[in-house]
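# Survey of secondary and tertiary structure
Below, each chain spelled out in residue letters.
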Amino acid sequence: MNYQALPKIDLHCHLDGSVRPQTIIDLANQQNVTIPSQDINEISSLMIAPETCQNLEEYLMRFELPLSVMQTEEGIERISFELFEDAAKENVKYFEVRFGPQLHQLQGLSFDQIISSAVKGMQRAEAIYDIKGNYILSILRTMDKGNINDVIDAGAAYLNKGVVAFDLAGAELPGFCHEFIPYVNYAIEKGYRITIHAGEQGVGQNVFDAVSLLGAERVGHGIHIKGHQGAYDLVKEKSVALETCPSSNIQTKAVDVLSNHPIKAFYQGGVLITINTDNRTVSNTTMTDEVRKVMEEFNLSREDYFAIYRVSVEQSFASDEVKQELLKLAE
Ligand SMILES: O=c1[nH]cnc2c1ncn2[C@@H]1O[C@H](CO)[C@@H](O)[C@H]1O
Ligand SMILES: [Zn+2]
């Protein structure tokens, strides 16, 4: 099968984990940022998380280098444009990208400048390529909570003009949802859709909480509903889609090998699943690779692929008009 040619949808991809290595070098030189090497191979290997990562925390250490050149409007705009360009060239037709505005303030950018730069880069790519997209604003669970509502307020000006949803990301502790209830409620009041990273690091209860306490409409990863019947049943009952990211899940030790990934069991059990990249550079992957890996490992047919594609369309935060266009590609 020609995986590259298939129309694809990626609903879970981090901007800062998906920067071209050459762009890190270019921007570091332009911005006078010191980086460990000028050699593209060395920069690439510093950015890609190794298979020997012990856990999510070690995986997350790979984001420091790209973030060092994502502190100016030009840097963010360029990286956003290039990510949508890369995705369009492999036939991703709809792309939801997320990032944490709190991580881009090291040189004093305002949340408005940060968010508008990302949106501008996306819109520049949308004008040239056959791709549509939206941004999701991620709050880092480990960071100070004092400015979360400022991120929500700044992003609200872009709602349905490039920004659609709110997310919680970063290291995952058991029971994390409780302390975020007021922030997520504030985001919902402002009109954000909700997706939450949960059940990536061993805690199925976090998925149950993300859906029942935070109103998550989708869950990032969600792997550990396997082994938590209550979470499994709730996700099915509420038609919450899981944004699975197979390569990332192996690097972070959420699963040991692809053949043990529960994605096919979920699919056969009627859980809504989608296939996504998480981090193109850190996980050294593309949508073409993720689709190929899942289809080959689990012997999925073209019909299975388009069933999953349709779930991605329905569970996306795209407008009805865009959804109609995307569904036509599955006919
Ligand atoms: O798989 C993941 N699980 C949890 N957090 C993640 C994952 N990938 C990236 N980030 C975190 O999200 C931030 C904003 O994009 C990244 O800087 C990284 O810390
Ligand atoms: Zn993620």
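Residues numbered from 1 in each chain as written. Chains lettered and ligands numbered in written order. Predicted model: local features only at pLDDT ≥ 70, side-chain atom pairs only at ≥ 80, totals over all residues.

## Structural notes on the sheet that holds strand β4 (residues 163–169)
This is how it is decided: Two strands form a pair only when DSSP identifies at least two bridges running between them. Where helices and strands are cited, they refer to DSSP runs of H or I of at least four residues and of E of at least two residues respectively, numbered from the N terminus. As a rule, the C-alpha atoms of each element are fitted with a line to give its axis, helices using only the stretch in contact, and angles between N-to-C directions run from 0 to 180 degrees. Residue pairs are scored as contacts if the distance between their C-beta atoms, which are placed from the backbone, is within 7 Å.
Strand order in the open sheet formed by eight strands is β1-β2-β3-β4-β5-β6-β7-β8, with parallel pairing between adjacent strands. Bordering the open sheet on either side are β1 (8–14) and β8 (273–275), each of which pairs with just one other strand. Taken over all neighbouring pairs, the strand axes of this sheet differ in orientation by 25 degrees on average, direction set aside. Pairing between strand β6 (residues 218–221) and strand β7 (residues 241–244): three bridges, direction parallel. Paired with Gly 220 across the strands is Glu 243, a residue of β7. Sheet strands in contact with helix α7 (residues 148–156) are β3 (132–140) and β4, and its direction is about 165 degrees off that of β3. Sheet strands touched by helix α9 (residues 204–212): β5 (193–198) and β6. Its angle to β5, the strand with the most contacts, is close to 170 degrees.

## Observations concerning the site of ligand 1
To keep things clear, this is the line we draw: In this analysis, residues qualify as near a molecule or strand once their C-beta atom, positioned from backbone atoms, comes within 6 Å of it. Classes in brief: Ala, Val, Leu, Ile, Met, Phe, Trp, Tyr, Cys and Pro nonpolar; Asp, Glu, Lys and Arg charged; the others, Gly included, polar.
Looking at ligand 1, there are 18 residues lining it, with His 14, Leu 60, Phe 63, Gly 100 and Ala 169 nearest. Secondary-structure elements contributing two or more residues to the shell around ligand 1 are α3 (56–60) and β2 (92–99). Within the shell around ligand 1, the residues separate by chemical class into six nonpolar, eight polar and four charged.

## Description of the packing of helix α6 (residues 111–128) against α7
Rules: For classification purposes, angles smaller than 35 degrees are called roughly parallel, those larger than 145 roughly antiparallel, those between 65 and 115 roughly perpendicular, and all remaining angles oblique. Handedness of a crossing follows from how the near helix is turned relative to the far one, being left-handed for an anticlockwise turn of less than a right angle and right-handed for a clockwise one.
Packing of α6 against α7 leaves a shortest axis separation of 9 Å and a crossing angle of 50 degrees. The angle between α6 and α7 falls in the class oblique. As α6 packs across α7, the resulting crossing turns out to be right-handed. Packed against α6, whose contacting residues are Phe 111, Asp 112 and Ile 115, the element α7 presents Asp 150, Val 151, Ala 154 and Gly 155 at the interface. Considering only residue class, the contact of α6 with α7 consists of four nonpolar, one polar and two charged.

## Some remarks on the environment of Ala 88
Applied cut-off: Exposure in this text rests on C-beta crowding, where 20 or more other C-beta atoms within 10 Å of a residue's own make it buried, 12 or fewer make it exposed, and counts in between make it partly exposed. The C-beta atoms are placed from the backbone.
For Ala 88, the position within the fold is in helix α5 (residues 73–89). Its 19 C-beta neighbours within 10 Å are what place Ala 88 among the partly exposed residues. Sequence separation between Ala 88 and Leu 109 is 21 residues, and the spatial gap between their C-alpha atoms is 29 Å. With sequence-adjacent residues up to four places away left out, Ala 88 is seen in contact with Ala 125, Tyr 129, Asp 130 and Ile 131.

## A closer look at the UniProt feature "binding site: substrate" (unreviewed entry) in the chain
The criterion, for reference: UniProt positions are given in the numbering used here, feature names are shortened, and annotations may be inferred rather than shown by experiment.
UniProt records the feature "binding site: substrate" (unreviewed entry) at His 14, Asp 16 and Gly 170, using the numbering of this structure. Judged by maximum C-alpha separation, these annotated positions cover 157 residues in sequence but sit close together in space, the widest gap being only 12.5 Å. Assignment of secondary structure puts His 14 in strand β1. Classification of His 14 as buried rests on a count of 28 C-beta atoms within 10 Å. Those residues in contact with His 14, other than ones at most four positions away along the chain, are Arg 98, Phe 99, Asp 278 and Asn 279. Looking at the secondary structure, you find Asp 16 in the loop between β1 and α1 (21–31). Contacts of Asp 16, omitting those with residues within four sequence positions, involve Phe 63, Pro 66, Leu 67, Met 70, Phe 99 and Leu 103.

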